[in-house]
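# An overview of the molecular structure
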Amino acid sequence: MKSVNLQACDGARLSALMQIADAAALIAAGAPLGIAGRAEALDQLPAGNWVGGTTPYFMTEAGGRIIGEDQVWVRDFSGLGAVRFAAYDVDHLEQITQEAPENGFSLTIIPFQSECHQRFAHDAATYPLAFLRPTVGWIAGFDLGQAGGKAYVYDGRTATRHADRAVVAHIELPADQMASVEIVNLFAPDGVDTIRFDTEGFAITHAIVNGARVPFADYVNARGMADGRLPLVGDYSGAYVNASIKRVDGETVHLYAPVFPGVDYAFAAPVADFAAAFRDRLDGVSQEGAAWSCNCILNFLYGDLEGKTIGGVAGPVTFGEIAYQLVNQTLVQVRVQ
Amino acid sequence: MSLPPRTATCWQRLATGGLKQLKTSNLGAQMLGQRLEMSKLSAAQKADEIYAFFVKWERGLTNEISQLAGL
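All values reported here derive from a predicted model rather than from experimental measurement.

So, on to the overall build of chain A. The helix and strand tally for chain A stands at seven helices and 28 strands. Taken over C-alpha atoms, the radius of gyration comes to 19 Å for chain A, in line with the 20 Å a tight globule of 337 residues would show. When burial is assessed residue by residue, chain A has 50% of its 337 residues classed as buried.

Check the secondary structure of chain B and you find four helices and zero strands. Put simply, chain B runs from its N terminus to its C terminus through helices and strands in the order α-α-α-α. Taking 2.2 N^0.38 as the reference for a compact globule, 71 residues should give roughly 11 Å; the C-alpha atoms of chain B span a radius of gyration of 11 Å, in line with that estimate. With the C-alpha coordinates aligned to their principal axes, the bounding extent of chain B is approximately 30 × 25 × 20 Å. Put simply, chain B has 71 residues, and 39% of those count as buried. Partitioning the contacts of chain B with sequence separation of at least 6, the portion at a separation of at least 24 is 76%.

This paragraph deals with the sheet that holds strand S24 (residues 290-296) of chain A. Residues and elements named next belong to chain A. Pairing is mixed across the open sheet formed by six strands, whose spatial order is S6-S5-S25-S24-S28-S14. Edge positions in the open sheet fall to strand S6 (63-66) and strand S14 (179-184), since each of these has one partner strand only. Each strand axis lies, on average, 25° off the axis of its neighbour in the sheet, ignoring direction. Of the pairings in the sheet, the one linking S24 to strand S25 (residues 315-318) comprises two bridges and is parallel in character.

Turning our attention to the sheet that holds strand S12 (residues 160-162) of chain A. Residue and element names in this part refer to chain A. Taken in spatial order, the six strands make up an open sheet running S2-S7-S3-S4-S11-S12, and their pairing is mixed. Each having just a single partner strand, strand S2 (15-19) and S12 make up the two edges of the open sheet. The average angle at which neighbouring strand axes cross in this sheet is 25°, direction not considered. In the sheet, strand S3 (residues 33-37) pairs with strand S4 (residues 50-54) via five bridges, with the strands oriented parallel. Residue Ile35 lies in a different strand from S4, and its bridge partner there is Gly52.

In terms of nonpolar packing, the biggest core is built from 130 residues, with A:Ile35, A:Val136, A:Ala140, A:Ala166, A:Leu255 and B:Ile50 touching the most fellow members. Of the residues forming this core, the biggest block, six residues, is contributed by helix H3 (residues 43-57) of chain B. A domain split of this core shows at least three residues from each of domain 1 (3-179 + 278-336) and domain 2 (195-267) of chain A. Discounting residues that sit within four places of it in the chain, A:Val136 has contacts with A:Phe105, A:Leu107, A:Val181, A:Trp292, A:Ile322, A:Ala323, A:Val332 and A:Val334.

Residues and elements named next belong to chain A. Assigned domains of chain A: these are domain 1 (3-179 + 278-336) and domain 2 (195-267). The C-alpha-based centres of domain 1 and domain 2 are spaced at 28 Å. Every contact between the two is made by eleven residues of domain 1 and, on the other side, eleven residues of domain 2. Mapped onto the side of domain 1 that touches domain 2, the elements with two or more residues apiece are helix H4 (115-123), helix H7 (297-302) and strand S27 (325-327). Ranked by residue count, the leading element in the side of domain 1 that touches domain 2 is H4, at three residues. Tallied by class, the residues present in the side of domain 1 that touches domain 2 amount to five nonpolar, six polar and no charged.

Our focus in this paragraph is the packing of helix H2 (residues 27-38) of chain B against H3(B). Any two packed helices are characterised by the angle at which their axes cross and by the distance between the axes. All names here are of chain B. Close contact between H2 and H3 brings their axes to 11 Å; oriented N to C, the two are set at 175°. Between H2 and H3, the crossing angle belongs to the class labelled roughly antiparallel. Contact with H2, carried on its side by Gly28, Ala29, Leu32 and Leu36, involves Lys46, Glu49, Phe53 and Trp57 of H3 and no other residues of that element. Its residues placed into classes, the contact of H2 with H3 shows five nonpolar, one polar and two charged.

Scoring rules and cut-offs
- Residues numbered from 1 in each chain as written.
- Chains lettered and ligands numbered in written order.
- Predicted model: local features only at pLDDT ≥ 70, side-chain atom pairs only at ≥ 80, totals over all residues.
- Helix = DSSP H or I, 4+ residues; strand = E, 2+ residues; numbered from the N terminus.
- Rg over C-alpha atoms; globule rule 2.2 N^0.38 Å.
- Buried ≥ 20, exposed ≤ 12 C-beta atoms within 10 Å, placed from the backbone.
- Contact = placed C-beta atoms within 7 Å.
- Pairing = 2+ DSSP bridges.
- Axes fitted to C-alpha atoms, helices over the stretch in contact; angles between N-to-C directions.
- Core = buried A, V, L, I, M, F, W, Y, C linked by C-beta atoms within 7 Å.
- Domains from an automatic or database assignment.
- Nonpolar A, V, L, I, M, F, W, Y, C, P; charged D, E, K, R; others polar.
- Parallel < 35°, antiparallel > 145°, perpendicular 65-115°, else oblique.

Written as structure tokens, this is what we have:
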């Protein structure tokens, strides 16, 4: 893997939407970049020190945006430390943490509904060093308004797009700095029922609700949750980790993230105003050291975030978020301190 | 407060349920706690993982380290 150290690179850290030509100029200058946009835009970028993924949805400081084919969102990691780029197929995903820097984080992008997506979601928390070398990132998506949409990730070293790879920017921080992975989850358990699962997966037929095994689709329908607006909230030792409902298909409930045996779940309590709730949560939280963030497409859609600000946190809007493992309907942020 | 050595009994206590009692908002500690509760590793192996986590993130776990003696 080629290693690039641009600590001496001119300019402040950049995180912005820009024209394709401007992004190409940054690539040509050798800047280590994370890039997001539509496939038609990312296809035009030259080879260089970057990784990318598809999504047309973004949160900007001025509010939520859906961009066209003429723009991309660029995060310039210059100045953070040494950046190495890599790509992994589905059988080598656990090498992400093995090859991650001793001190830093690994920004990882995986295409929605790929084998890599499924495998990472199942296994990420059990990878060696998973909690010592943080993996953060996002699941690439597509324009939901266009039929036949497909998600891709880009290995910028060869300007190649992949439908089933994980592309990674391993970012090594100086010894006096530390990466902190944080989430903002608007959802909390509604307190109605405790739900457990005896199988792991994205497609579930049965659940144990308050101790009784029941057909999960029946339960979801009876609770009026089949529209997917409210996720399942898993209690991970006090951290709330969501798995969102994708659809109910006959006897099977399909999820955007797997559920796991041994975790207590509940449906989330409703959130009245997503944008206001984000602003409340982010108000008074310093953005000092903020190095990267993403937010979920379901928050964007159900929270009607287009044109609305959420407290200055900007980044791609994604089809799944990675904070050590896959999470849903969550804002993920990396802070370097 | 300095980190207790690996031989301290607090690591075994953390590995046998204590980690879930720790008051923490550290996402990594919370997720690790859940993962270890669900795993079939031995208590000693869990204690090794917990100790390694605290060594790695010691600078950001001041509040959690202050709780170790009371577990």
